[in-house]
Amino acid sequence: MKIFLIVDSLGGGGAERVSSIWSKYWTNNGNEVTFVIISKGNELFNIDKNIKKIYLPSLSPYFFKNINRIWHLRKIFKREKPDLLISLTTGPNLLSIVANFFLKIRLIITEHTFPPMEPLSIFKRILKKYLSFFCSEVIVLTEDSKKWFENNCYAKKIRIIHNPIEVPIPSSDPLLRVPKKDSKIILNCGRLSYEKGHDLLIESFKFLADDFPDWKLFILGEGKERTTLENIISDYGLSKRIFLPGWAGNLDEWYKYADIFAFSSRFEGFGNALAEAKMYGIPCVSFNCTSGPKEIINDGFDGFLVKPENHVDMANSLKALMENPKLREEISNNAISSGDKFSVSTIMRKWDNAIQSKD
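This one's a predicted model, so the numbers in the text were calculated from it and none came from an experiment.

> Would you mind showing me how to read the overall build of the chain here?
Within the chain one finds twelve helices and 13 strands. Going through the 359 residues of the chain one by one, you find that 57% of them count as buried. Expressed as a percentage of contacts within the chain between residues at least 6 apart in sequence, the contacts between residues at least 24 apart total 68%. For the chain, the computed accessible surface area is about 16300 Å², with 52% contributed by carbon and sulfur atoms.

> Explain the nonpolar core to me, please; I cannot follow it from the model alone.
Considering soluble globular proteins, one finds that nonpolar side chains tend to be buried as a cluster. With 31 residues, the main nonpolar core has L187, C189, L220, W254, Y255 and F261 as its most contacted residues. At the level of elements, strand 8 (184-189), strand 9 (215-220), helix 8 (251-257), strand 11 (260-263) and helix 9 (272-279) are the ones that each hand at least two residues to this core. Of the residues forming this core, the biggest block, five residues, is contributed by helix 9. Look past the residues within four positions of L187 in its chain and what remains in contact with it is F218, L220, W254, Y255, A258, I260, F261 and A262. Ranked by size, the runner-up nonpolar core spans 30 residues in total, among them I186, L200, I242 and L327.

> Is there a simple way to explain the pairing of strand 2 (residues 32-37) in this structure?
On a regular strand, one side chain projects to one face of the sheet and the next to the other, so that they alternate. Across the six residues of strand 2, five count as buried, placing the element largely inside the fold. Here six bridges tie strand 1 (residues 2-7) to strand 2, and the two strands are oriented parallel to one another. Along strand 2, the bridge assignment pairs L5 with F35.

> What exactly am I supposed to notice about the sheet that holds strand 3 (residues 52-55) here?
Strand pairing within a sheet occurs via backbone hydrogen bonds; the two strands may be parallel or antiparallel. Strand order in the open sheet formed by seven strands is 3-2-1-4-5-6-7, with parallel pairing between adjacent strands. Each edge of the sheet is formed by a strand with only one pairing partner; in this case those strands are strand 3 and strand 7 (158-160). Along the sheet, successive strands turn relative to each other by an average axial angle of 25°, direction set aside. Lying on the sheet, helix 5 (residues 143-152) is in contact with strand 6 (137-140) and strand 7; it crosses strand 7 at an angle near 175°.

The rules behind these values
Residues numbered from 1 in each chain as written. Predicted model: local features only at pLDDT ≥ 70, side-chain atom pairs only at ≥ 80, totals over all residues. Heavy atoms only, no water. Helix = DSSP H or I, 4+ residues; strand = E, 2+ residues; numbered from the N terminus. Buried < 20%, exposed > 50% of the residue type's maximum accessible area, 1.4 Å probe, protein only. Contact = heavy atoms within 4.5 Å. Areas by Shrake-Rupley, 256 points an atom, 1.4 Å probe, with all protein chains shown as cover. Core = buried A, V, L, I, M, F, W, Y, C linked by side-chain atoms within 4.5 Å. Pairing = 2+ DSSP bridges. Axes fitted to C-alpha atoms, helices over the stretch in contact; angles between N-to-C directions.

Dropping the structure here:
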């Protein structure tokens, strides 16, 4: 089968990581996979050299930019004649739907955020509502997202398929050196942005810092909130206890390095980092935010869910793990035993079923 993946880029996001796992699986199973990349930029995921990439031409930011993109996509679809189109995230989804009008190529669009929390213009929300009718199927990551699509869009078919988690996670640039482990480590991974709630996690750690002097907090990622977070850390006098090392392409090393994983998002599309940490057997504490964590963590068994945005509850659950090595070991063992739910083999069987199903 000739499969085209339409992505905005191959940068450092969760959707991009997932597309790299899909492409490897489908290529290994005898399919011809091609990436159609809308915005060329830094590529932080290693894509097999045998997988073809087609880049849309760089376009200046003028009014007809998206019309031009649609024209180029349609030209590619007509020339290459793929059997299946799969697009990722709202921008490529909308462009692909319009570019595919009257071509009758099967198109599956995928959503990687919780739709009502995605920062879209009113115009794009209207387009999403009506244009979703013209794709074969919408794949979402959580039950909350499925319910939203059912109530707000005209999609003909909606299916839940979680993101696959590849263990060990392949390394890619940048390789961020893991420091010498002279303390116990709480780890968080995620873009430094408001929705990831790192300010709340820092607040939680502040309550614990004096009682647990042998623990440190590392937050991996980059983003526009870096300066704000650095200022908070400095104001609390925790610059030698809380660290923002940057984006790490060698997450496998960092997950093996951590003693606890703290997931502090205000909202999520799914929670890739939380699922990854669980697959590595790290005891996890997560805000039970809208969409994602409750489908990953079984509260009290293989991790802990706490009230959304409640840094006191987060601190209390972290404390329970920090002061009890036996509890950390028990939660870790349970996480490993239940981790197959997100394995590549389990998730890709569901994708195989979706691809093979008839509209």
